[in-house]
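What the coordinates show
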Amino acid sequence: MFDTRISRRAALMGAGAFAAWMHNPARAMLWQAGALPVPAFIDGLIARMTLAEKAGQLTLMPAAWGGGVATALNPAGNGPSFDGQLDEVRQGRLTGVFNGNGAEMARRMQTAAMTQSRLKIPLLFAADVIHGHRTIFPVPVGEAASFEPGLAERTARAASYEAAAAGIDWTFAPMVDIARDQRWGRTMEGAGEDVLLGELIAEARVRGFQGKDLKDDDAMLACAKHFAAYGAAEAGLDYNTVDISERTLREVYLPPFKAALDAGVLSFMASFNEISGVPSTGNGWLMEEVLRGEWAYQGFVVSDYTGDMEMIDHGFAADAREAAKLAFLAGVDMSMTSGFYRDHLPDLVEKGEVPVARMDASVRRVLAMKARLGLFDDPFRRIDVKREKARSRTKPTLALAREAGRKSIVMLKNEGDLLPLPKAGKRIAIIGPFASGQHDINGPWVVYGDNGQAVDLATGVKAAVADKGLVTVVEGSGVEAPVPGGIEAAVAAARAADVVLLAIGESENLSGEAQSRAEIVVPAPQMALAEAVAAVGKPVVVVLKNGRALALAGAVVQAPAILVTWFLGSESGHAIADVLFGDYSPTGRLPCSFPRSPGQQPYSYAHKPTGRPNPPGDLQPYKAHYRGIPNSALFPFGHGLTYGRIEYSGLSVAPSMAWDGELVVSAKVTNRGSRAVEEVVQLYTHDRVASVTRPVRELKAFRKVALAPGASEVVTFRLRRDNLLFIGRENKPIVEPGKFDVWIAPSAETEGVRGSFELARA
Ligand code: NOJ
């Protein structure tokens, strides 16, 4: 059981006297200078650098010798050979590389830097360690479903333990983008649609990656990405335009970045998208005023892969030289992949178009980070081939992957208590493209993990049951195309079984970067399979694989039991079996609402009421809803069943909260079922009248409560004024006195127990 910090919003919005003080940029600079001292030798080093060497320190390149799928991401031939890259290292033309090939590659490159370059500045090795390194944990949206930030911290810690041993100093994670349009494939990489959950997971993952001290050989520098509003792309189309009010930006999309910053993150990645006409990579307001000014950020900013170059296609920069200038002057310290900084910054400085002091400041930030990572003390501290092997896929990290896997599973339905299944005496047919095989297990955005080492569903089920002979496995259909005779074989297997596990959904390449989908549904050939199998009449458990919320329909949504299993990583099959057979009672909750139809996107439970809300009950004419569909989710944010029978009662809330006081809100939660469970109890509020309209509900706190059969617990939350902040008309955080509704409930769109209170005037 753990507590969430219910006053996050206050700190995030920079409320109060401190924020007002910090709004003065000059003061913010002073504070920065004082808080993170830069070792004296760095300025001496900068004084000895040529402009070309300075530009080199601001240039990050894909590793010519890639690791895992990195070779597919950065195909050989796109850049120099490994020997060519070693030459660049000797010439001081690189600050480091990313997605390289482990400790041996790092050793060779670092040796070149430390023995053959003029200034002997250590290289920095980066990688996309998004949800694990060699041990793969659930995709981040799945892990967020655990509603357990402590778990996200532990998996990030374990990922650092493995990856740092492979020579990696810096991970391009966490992605903290809020996702309110499920057509956007990168939903899988974040914490879903909610601001509070996004903040808590962001800070947990930063703490996990960075550990106690960045110098430690099991710590990596984290990177908050993609700054900012990357998830707000129009129509859920990856890389697309974002046109957004400053208020929504500050209220919804920026808070997880601020939370990451407050947790100590010291690198930010600029996003590919434009915001209201200005690409983030060239957005000085975002990086200089908000990030470095208001928030007093002291780390460095890196572009996303060719982000500076892409400003040419955006129609914002005329050519490479101008793109380099705009990105640099906007506050992007380091350029990734394009090489534009090393090609153009020296000339821009010589011609007086970029002040040399600005360049020195960026180089200082980067070198200070290398010092903070301990690289000047020992450039090889994370590079050790033996340690790389010894820390790879250890028993404890695999056990953690299994724990994280089962905690990420969300049970949407369980009619007639079909689940859990008995381990003995049942003939089980596992049917579908994800029934078995070493594919689509780890999930998208895995550079170093190997699906060949991951546990598939059939293996997990067979390991759990008493008699493997009672388990049949049939593919039935491909992911997006039928297989010859597939449906016939599936129907025959279903007929011969007592229960069907229908393993359907999305493959790894249906979600993730650049995988936007207009139709967020189970692909048609799999739906045909589901209908045919359902028609046999045997009980069906849908085991859904997905990187985003899907609009479930037909035989899938009508199945008596549905488990959302995302992509669970290395121990996937075992984790699913733990839930299927009752070794673990599901605790996961949806971090993103499952819509009734793809056409409902974008959708968030925290939508505004409109002037014509449809009252509860029938759809009414001239009210806000699509034809034939209630304006709510099919399975809302926060939804998820357990193997218990949970009852909410007895809300207790004082009628008013003093301006400087605290409000205690509690409810009784009872498990009327016969199995021990953990229930995620959620607290929501709604501000009835405000000078800026407010969402119909906002999550303010949650708590996971263990309940034995028949047990009750009174769950208590405390609210303060800070929890009721919002971004006012002046785009600053404010609180207004007045009436609020409050719910303690099992999801964002269930009633649970409800009351109200008044925030009194000052
Ligand atoms: C592009 C992606 O947007 C970003 O998240 C990733 O870190 C970089 N490529 C580097 O691989």
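Residues numbered from 1 in each chain as written. Predicted model: local features only at pLDDT ≥ 70, side-chain atom pairs only at ≥ 80, totals over all residues. Heavy atoms only, no water.

**Things to note about the packing of helix α4 (residues 40–48) against helix α18 (residues 356–372)**
Here is the rule we go by: The angle between two axes is taken between their N-to-C directions and runs from 0 to 180 degrees, where each axis is a line fitted to C-alpha atoms and a helix contributes only its stretch in contact. Starting at the N terminus, helices and strands are each numbered in turn, a helix being any DSSP run of H or I of at least four residues and a strand any DSSP run of E of at least two. If an angle is under 35 degrees, it is roughly parallel; if it is over 145, roughly antiparallel; if it lies from 65 to 115, roughly perpendicular; otherwise it is oblique. Put simply, a crossing is left-handed when the front helix is turned counterclockwise from the back one by less than a right angle, and right-handed when it is turned clockwise. Only heavy atoms enter the contact rule, under which two residues are in contact if any of them lie within 4.5 Å. In the scheme used here, Gly and all other residues not listed as nonpolar or charged are polar, with Ala, Val, Leu, Ile, Met, Phe, Trp, Tyr, Cys and Pro taken as nonpolar and Asp, Glu, Lys and Arg as charged.
Close contact between α4 and α18 brings their axes to 10 Å; oriented N to C, the two are set at 130°. If you check the angle between α4 and α18, you find them oblique. For the crossing formed where α4 meets α18, the hand is right-handed. Two secondary-structure elements touch here, α4 through I42, D43, L45 and I46 and α18 through D360, V363, R364, L367, A368 and A371. Here the residues of the contact of α4 with α18 are counted per class, giving seven nonpolar, no polar and three charged.

**Quick notes on the sheet that holds strand β26 (residues 753–759)**
Cut-off, in case you're wondering: Here, strands pair whenever DSSP counts at least two bridges between them.
Taken in spatial order, the five strands line up as β18-β26-β25-β20-β21 in an open sheet, and their pairing is mixed. Each edge of the open sheet is held by one strand with a lone partner, namely β18 (656–657) and β21 (698–707).

**Let's talk about the site of the ligand**
We count it as follows: What makes a residue near a molecule or strand is one non-hydrogen atom of that residue sitting within 4 Å of it. Each polar contact in these results corresponds to two N or O atoms within 3.5 Å; when the atoms are within protein, one needs to be able to donate a hydrogen and the other to accept it, and residues that are neighboring in sequence are counted only if both atoms are side-chain atoms.
Near the ligand lie 14 residues; those nearest to it are D128, R186, K225, H226 and D304. In the environment of the ligand, an oxygen atom lies 2.8 Å from a nitrogen or oxygen atom belonging to the side chain of K225. Separating an oxygen atom of the ligand from a side-chain N or O atom of H226 is a distance of 2.7 Å. Here the shell around the ligand is composed, by residue class, of seven nonpolar, two polar and five charged.

**Digging into the pattern of salt bridges**
Side chains bearing opposite charge may pair, as long as their charged atoms lie close to each other. For the record, the criterion: Here, a salt bridge means any side-chain nitrogen of Lys or Arg that lies within 4 Å of a carboxyl oxygen of Asp or Glu. Each residue is assigned to one of three classes by its accessible area relative to the maximum for its type, calculated with a 1.4 Å probe on protein chains only: buried under 20%, partly exposed between the two thresholds, exposed over 50%.
Inspection of the entire model under this criterion finds 52 salt bridges. Notably, a salt bridge pairs R402 with D578, separated by 2.9 Å at the nearest N-O pair. Residue R402 is found in helix α20 (residues 395–408), and its partner D578 is found in helix α25 (residues 572–580); the two are separated by 176 residues along the sequence. For R402, a relative accessible area of 28% corresponds to the partly exposed category. The exposure class of D578 is buried, given its relative accessible area of 3%. Between R718 and E662 there is a salt bridge, with the nearest N and O atoms lying 3.3 Å from each other. Within this pair, whereas R718 is found in strand β22 (residues 712–720), its partner E662 is found in strand β19 (residues 662–671), the two being separated by 56 residues in sequence. Each of the salt bridges in this network shares a partner with another, and the network as a whole consists of D128, R186, E189, K225 and E513.

**Observations concerning the domain arrangement of the chain**
To keep things clear, this is the line we draw: Segmentation of the chain into domains, including their bounds, is taken from an automatic or database domain assignment. By convention, the term buried area covers the 1.4 Å-probe accessible surface removed from two parts as they join, with the contributions of both added.
Domain annotation of the chain identifies domain 1 (36–389), domain 2 (409–595) and domain 3 (646–759). Each of domain 1 and domain 3 was reduced to a C-alpha centroid, and the two centroids are 37 Å apart. Taken residue by residue, the interface counts twelve residues in domain 1 and 13 residues in domain 3. Counting the surface domain 1 buries against domain 3, the share from its top three residues, F147, R247 and E251, is 53%.

**Quick word on the side chain of T565**
Relative to the helices and strands, T565 is located in the loop between β16 (561–564) and α25. Taking relative accessible area as the criterion, T565 reaches 3% and is therefore assigned buried. Not counting chain neighbours up to four residues away, the residues in contact with T565 comprise I409, V543, L544, K545, N546 and I576.

**Let's talk about the side chain of Q182**
With respect to the helices and strands, Q182 occurs in the loop between β4 (170–171) and α11 (195–210). By relative accessible area, which is 1% here, Q182 ends up buried. Leave out the neighbours within four places in its chain, and Q182 touches T187, I520, R548, A549, C592, S593 and Q601.

**Digging into α25**
Counting buried residues along α25, nine of its nine residues qualify, which places the element largely inside the surrounding structure. Restricting attention to buried positions, one finds in α25 the residues S572, G573, H574, A575, I576, A577, D578, V579 and L580. Its buried side turned inward, α25 meets α20, α21 (457–464), β14 (499–505), β15 (540–545) and β16.

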